[in-house]
Amino acid sequence: QKGGYRHFMLKEIFEQPTVITNCLAGRLDLKNRTVSLPELDALEIPEQIQIVACGTSYHAGLWGQHLLESWAQIPVRVEIASEFRYRNPIFKSEDMILAISQSGETADTLASMRLAKEHGVKVLGLCNVVGSSVAREADTTILTQAGPEISVASTKAMCSQLILLTLLALYWGRRKQTLPANVESSIITGLLDLPQILEAELPLLRSRAQELAPAYSTARSFFYLGRGMSFPLALEGALKLKEISYIHAEGYAAGEMKHGPIALIEPEFPTFALALNDALLPKTVSNLVEVQARNGKVIALCHSGFDLEVDHTWEIPNAQGPLSTFLALPALQLFAYEMAVYLGKDVDQPRNLAKSVTVE
Ligand code: F6R
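What counts and how
Every chain is numbered independently, its residues counted from 1 as its sequence is written. For this predicted model, a pLDDT threshold of at least 70 governs which residues receive local features, and a threshold of 80 or more governs which side-chain atom pairs are given and counted, while totals over whole chains, interfaces and linings are taken from all residues. Side-chain metrics rest on all non-hydrogen atoms present in the structure, leaving aside hydrogens and water. Strands are runs of DSSP state E lasting at least two residues, helices are runs of H or I lasting at least four, and both sets are numbered from the N terminus onward. Restricting the calculation to C-alpha atoms gives the radius of gyration, and the globule rule supplies 2.2 Å times the number of residues raised to the power 0.38. The rule is simple: take the accessible area with a 1.4 Å probe, protein chains only, and divide by the maximum for that residue type; under 20% is buried, over 50% is exposed, in between is partly exposed. The contact rule is simple, with two residues in contact once any of their heavy atoms fall within 4.5 Å. Residue exposure ignores everything except the shown protein chains as possible cover, and the areas themselves are Shrake-Rupley values with a 1.4 Å probe. What counts as a ring pair is set by centres within 6.5 Å for rings of Phe, Tyr and Trp (its six-membered ring), and what kind of pair is set by the plane angle: stacked under 30 degrees, edge-to-face over 60, tilted for all other angles. Counted as over-ring charges are cases with an Arg CZ or a Lys NZ within 6 Å of the ring centre that also lie within 35 degrees of the ring normal. Expected helix span is taken as 1.5 Å per residue step, with the number of steps being one fewer than the number of residues. We define the bend at each residue as the angle formed by axes fitted to the 7 residues ending at it and the 7 residues starting at it. If the strands point away from the viewer and the path from the first strand over the helix to the second runs clockwise, then the crossover is right-handed. For two strands to count as paired, DSSP must find a minimum of two bridges between them. To get an axis, a line is fitted to the C-alpha atoms, and for a helix only the part in contact is used. The angle between two axes follows their N-to-C directions and goes from 0 to 180 degrees. The criterion for a residue being near a molecule or strand is simple. One of its heavy atoms has to lie within 4 Å of it. Think of a polar contact as two N or O atoms within 3.5 Å of one another; within protein, one of them needs to be a possible hydrogen donor and the other a possible acceptor, and neighboring residues in sequence only count if both atoms come from side chains. Side-chain classes are defined by residue name, with Ala, Val, Leu, Ile, Met, Phe, Trp, Tyr, Cys and Pro counting as nonpolar, Asp, Glu, Lys and Arg as charged, and the others, Gly among them, as polar. Geometric relationships in this document are graded by angle, where less than 35 degrees denotes roughly parallel, more than 145 denotes roughly antiparallel, 65 to 115 denotes roughly perpendicular, and other angles denote oblique. Each crossing gets its hand from how the near helix is turned against the far one by less than a right angle, where anticlockwise is left-handed and clockwise is right-handed. Any carboxyl oxygen of Asp or Glu that lies within 4 Å of a side-chain nitrogen of Lys or Arg is treated as forming a salt bridge with it.

Undergrad: Teacher, can you tell me more about the overall build of the protein here?
TA: Within the protein, the regular secondary structure consists of 12 helices and 12 strands. Taking 21 Å as the expected radius of gyration for a compact globule of 360 residues, we find that the protein reaches 20 Å, a close match to that expectation. Dimensions of the protein, computed from the C-alpha atoms along their principal axes, are close to 55 × 45 × 45 Å. When each of the 360 residues of the protein is scored for burial, the buried share is 56%. Considering only contacts in the protein between residues 6 or more positions apart, those separated by 24 or more positions represent 75%. Accessible surface, the protein: about 14,500 Å² in total, of which carbon and sulfur atoms supply 49%.

Next up, the structure:
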């Protein structure tokens, strides 16, 4: 059942290359190098999108917001479903609710969808489980095709959500003619290359996680810092660490550190930095320098050429722009996994948690 892996979580992390291939299958027009999402062709392009989701799926939504806004120029708000449903949100009929849920049964996400439908707003579901409540109740559903996710900690499902959000942003961007030249074809090339790159990289990511885990296993708290598209990844890295290793971890926008949290930094409170090579890297680096000035230890997940001296660098291969995420995400997942294994925790069945949260 676990295909030779010790835990479902590890198996599912290693399934990500296949998940990407399956997500792309039938959704690309390879001749014209365009995205094909026929289920959306008959729908108007939304004026605004409100994403509702919980946990890891919420983090996927925060990441997708960047691409939907920059490529499709659609204003996007992202909210935790348990907040959205009790807020008296303003609905406009030209808007769209995008409900993201692996299980399709999360009570708050469903309640948010139902509220929107009562107000006549179209609901698009991004969901992994065929026949689930989200899949049945949404006006239109895009299935993420990640296959069954058994481990309580969500891993491959997030990968599939991010692929679909990328495709959605390209698809609406082309329809709205807001995509910068060649973006669609070059991102499609990058996506098609990803499974092979990731397949080769996953064992190396795991070895690095295994090396780092003993060095950080005595920490009781961690910061995960990132900016821009790496901020949702910081949130996700922290969530994975806390839920399976029970180490307190906070994901923070790196620029917010000086507004209070930096007071917590001391040698026993390490920082896991998302220091990928993007336009915001110099800003992240200056935030890390401030952490180091308070004697905080730093692990930097980075690309080659990263030149700040930190306690541990963790270099991942370059990928095109936002596609670096698909290499950074398994690094975060594997770090949490190896920490939990090193600490002897029950990785697949963390305490106090259930796979789907069908009650409030
Ligand atoms: C974290 C995790 C949870 C879920 C959340 C939403 O590893 O699994 O945070 O992401 O409960 O679940 P879905 O996506 O099924 O709505």
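There's plenty left to go through after this.
Undergrad: How should I be thinking about the packing of aromatic side chains in this particular structure?
TA: Geometrically, a pair of aromatic rings is defined through the distance of the ring centres and the angle of the planes. Tallied over the full model, the rule gives 12 aromatic pairs. Centre to centre, the rings of F223 and Y252 are 6.0 Å apart; their planes meet at 85°, and the pair counts as edge-to-face. Highlighted residues: F223 in strand β8 (residues 221–226) and Y252 in strand β9 (residues 248–253), separated in sequence by 29 residues. Given a relative accessible area of 0%, F223 falls into the buried group. Using a relative accessible area of 24% as the deciding quantity, one classes Y252 as partly exposed. When the ring of Y224 is compared with that of F272, the centres are 5.0 Å apart and the planes differ by 10°; the resulting orientation is stacked. Pair noted here: Y224 is in strand β8 and F272 is in strand β10 (residues 271–275), with a separation of 48 residues, a long-range link. Assigned by exposure class, Y224 and F272 land together as buried. An aromatic cluster is present here, built from Y216, F222, Y224, F272, W314 and F335 joined pairwise through their rings. Positioned over the ring face of Y246 is R351, at 3.8 Å from the centre of the ring.

Undergrad: I keep staring at unusual backbone geometry and nothing clicks. Help me out?
TA: Phi is mostly negative for residues that are not glycine, and the peptide bonds are mostly trans. Despite not being glycine, Q73 shows a phi value in the positive range, around 50°. Relative to the helices and strands, Q73 resides in the loop between α4 (55–72) and β4 (76–80). Within the chain, N182 stands out as a residue other than glycine whose phi angle is a positive 65°.

Undergrad: Could you clarify how one ought to interpret helix α9 (residues 183–216) in this entry?
TA: Compared with the 50 Å implied by 1.5 Å per residue over 34 residues, the 40 Å span of α9 between its first and last C-alpha is markedly short. Along α9, the largest kink reaches about 40° and is centred on L194; proline P195 follows within four residues of it.

Undergrad: Looking at this structure, how should I read the pairing of β8?
TA: Successive side chains on a regular strand alternate, one facing one side of the sheet and the next facing the other. Across the 6 residues of β8, 6 count as buried, placing the element largely inside the fold. Running through helix α10 (residues 230–245), the crossover from β8 to the neighbouring parallel element β9 is right-handed. Bridge count for β8 against β10 is 3 bridges, and the pairing is parallel. Residue pairing for β10: F223 is matched across the bridge by T271.

Undergrad: What am I meant to see in the sheet that holds β10 here?
TA: Across a sheet, strands are paired by hydrogen bonds formed along the backbone, either parallel or antiparallel in direction. Reading across the sheet, the 5 strands line up as β9-β8-β10-β11-β12 and stay open at both edges, with parallel pairing between neighbours. Edge positions in the sheet fall to β9 and β12 (312–315), since each of these pairs with one other strand and no more. Averaged over all neighbouring strand pairs, the angle between strand axes comes to 20°, with direction disregarded. Examined bridge by bridge, β10 and strand β11 (residues 298–302) share 5 bridges and lie parallel to one another. When the sheet's bridge partners are listed, A275 is paired in β11 with C302. Seen against the sheet, helix α11 (residues 281–293) touches β8, β10 and β11 and runs at an angle of roughly 165° to β10. Strands β8, β10, β11 and β12 of the sheet are contacted by helix α12 (residues 325–342), whose axis makes an angle of about 180° with β8.

Undergrad: Would you mind going over the site of the ligand with me for this structure?
TA: Close contacts around the ligand come from 14 residues, with S57, S101, S103, T106 and E243 the closest. For the ligand, an oxygen atom lies 2.5 Å from a polar atom in the side chain of T106. At 2.3 Å, a side-chain N or O of E243 approaches an oxygen atom of the ligand. Surface burial for the ligand is 89%, taken as the share of its 400 Å² of free accessible area covered by protein chains. Elements supplying a minimum of two residues to the shell around the ligand: α4 and α10. Grouping the amino acids of the shell around the ligand by side-chain chemistry returns 4 nonpolar, 8 polar and 2 charged.

Undergrad: Explanation requested: the packing of α4 against helix α8 (residues 156–176) in the structure shown.
TA: Any two packed helices are characterised by how steeply their axes cross, that is the angle between the axes, and by the distance between the axes. Orientation of α4 relative to α8, taken along the N-to-C sense of each, is 20°, at an axis distance of 9 Å. It follows from the interaxial angle that α4 and α8 lie roughly parallel. By crossing handedness, the relation of α4 to α8 is classed as right-handed. Along its contact with α4, which presents T56, S57, H59, A60, G61, W63, G64, L67, L68, W71 and A72, the element α8 presents M158, Q161, L162, L165, T166, L168, A169, L170, W172, G173 and K176. Looking at side-chain class alone, the contact of α4 with α8 contains 13 nonpolar, 8 polar and 1 charged residues.

Undergrad: Help me understand the pattern of salt bridges in this model?
TA: When their charged atoms lie close together, side chains carrying opposite charge are able to pair. Summed over the entire model, instances satisfying the criterion amount to 11 salt bridges. Among the salt bridges present, the one from R85 reaches E360, with a minimum N-O distance of 3.6 Å. Of this pair, R85 sits in the loop between α5 (81–84) and β5 (96–101) while E360 is found in the segment after α12, placing the two residues 275 residues apart along the sequence. Linked through salt bridges whose partners overlap, the residues forming this network are K11, E15 and K156.

Geometry only, nothing functional implied.
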